[in-house]
Amino acid sequence: MSSEKAQRKRDMILDKAKELFIQRGYAATSMDELVKYTGASKGSIYYHFESKEDLFVKLLAKQNQEWMEAWNDKKARYASFEDKLYGIADHMVDDFQNPLTKIAEEFYINQPENKTIVGEMLAILQGPRTLYREIFAEGVSEGRIPAEDVEEISIIFASLLDGMSMLHFERI
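A brief report on the enclosed structure follows. Bear in mind that the values here come from a model prediction, so they are computed numbers and not experimental data.

Parameters and conventions
- Residues numbered from 1 in each chain as written.
- Predicted model: local features only at pLDDT ≥ 70, side-chain atom pairs only at ≥ 80, totals over all residues.
- Heavy atoms only, no water.
- Helix = DSSP H or I, 4+ residues; strand = E, 2+ residues; numbered from the N terminus.
- Buried < 20%, exposed > 50% of the residue type's maximum accessible area, 1.4 Å probe, protein only.
- Contact = heavy atoms within 4.5 Å.
- Patch = residues over 30% accessible without salt bridge, like charges linked within 9 Å, V, L, I, M, F, W, Y side chains within 5 Å.
- Areas by Shrake-Rupley, 256 points an atom, 1.4 Å probe, with all protein chains shown as cover.
- Salt bridge = Lys/Arg side-chain N within 4 Å of Asp/Glu carboxyl O.
- Lys, Arg positive; Asp, Glu negative; His and termini not counted.
- Expected span 1.5 Å × (residues − 1).

In this section: the overall build of the chain. When its secondary structure is counted, the chain shows nine helices and zero strands. The C-alpha extent of the chain, read off along each of the three principal axes, is 55 × 40 × 30 Å. Among the 172 residues that make up the chain, the fraction classed as buried is 37%. Once local pairs closer than 6 in sequence are excluded, the contacts in the chain between residues at least 24 apart make up 66%.

Below, the structure written as structure tokens:
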């Protein structure tokens, strides 16, 4: 299978799996249902993904990458450091309605013993911090914050946004 064709097949499996996970939830979705819903053979799914868990983690990684790319596409609209802080917070709030986010929480809660999966999930969740660090680096260049505080402030900011997302789900 050519790499381009393989990538299209992998992306199709991810897209269809996302639809099914959103409809049924993570735990209620079996590999047999994924085979039926995607139209891909079980062998094809296992060619691209080691397991249902791996497929879901790759789906979350793809979603996270798309979220980060969407921010990069719109960050030029915000002129200053302060504008970018508000802008990325709005970008995060806009994503609260993403149905896969709630399913990711279900998935994460059910993976405590799987250190590999937990590690991959943490790497995905920490991805946006690179964007926050870039914004805070602008704050340094504008003289708004000291350079030595960028990492710590990025973590605090990420925690604030993560807390906002938890509060959102608690109120639903």
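It is worth spelling out a nonpolar patch on the surface at this point. A cluster of nonpolar side chains, Tyr108, Leu122 and Leu125, forms an exposed patch at the surface whose accessible area comes to about 260 Å². With respect to the helices, strands and loops of the structure, Tyr108 is situated in helix α6 (residues 99–109). You can call Tyr108 partly exposed: its relative accessible area is 32%.

What follows covers the side chain of Lys52. Residue placement: Lys52 occurs in helix α4 (residues 52–74). Within the buried set, Lys52 has no salt-bridge partner at all; the shortest N-O distance to an opposite charge, 6.1 Å, is to Glu53. Once residues within four sequence positions are removed from consideration, Lys52 is found in contact with Phe21, Tyr26, Ala27, Thr29, Met31 and Leu34.

Another point: helix α7 (residues 115–126). For α7, spanning 12 residues, the distance from its first C-alpha to its last is 16 Å, which sits close to the expected 16 Å at 1.5 Å a residue. Considering only its buried residues, α7 is in contact with α4, α6 and α8 (128–141).

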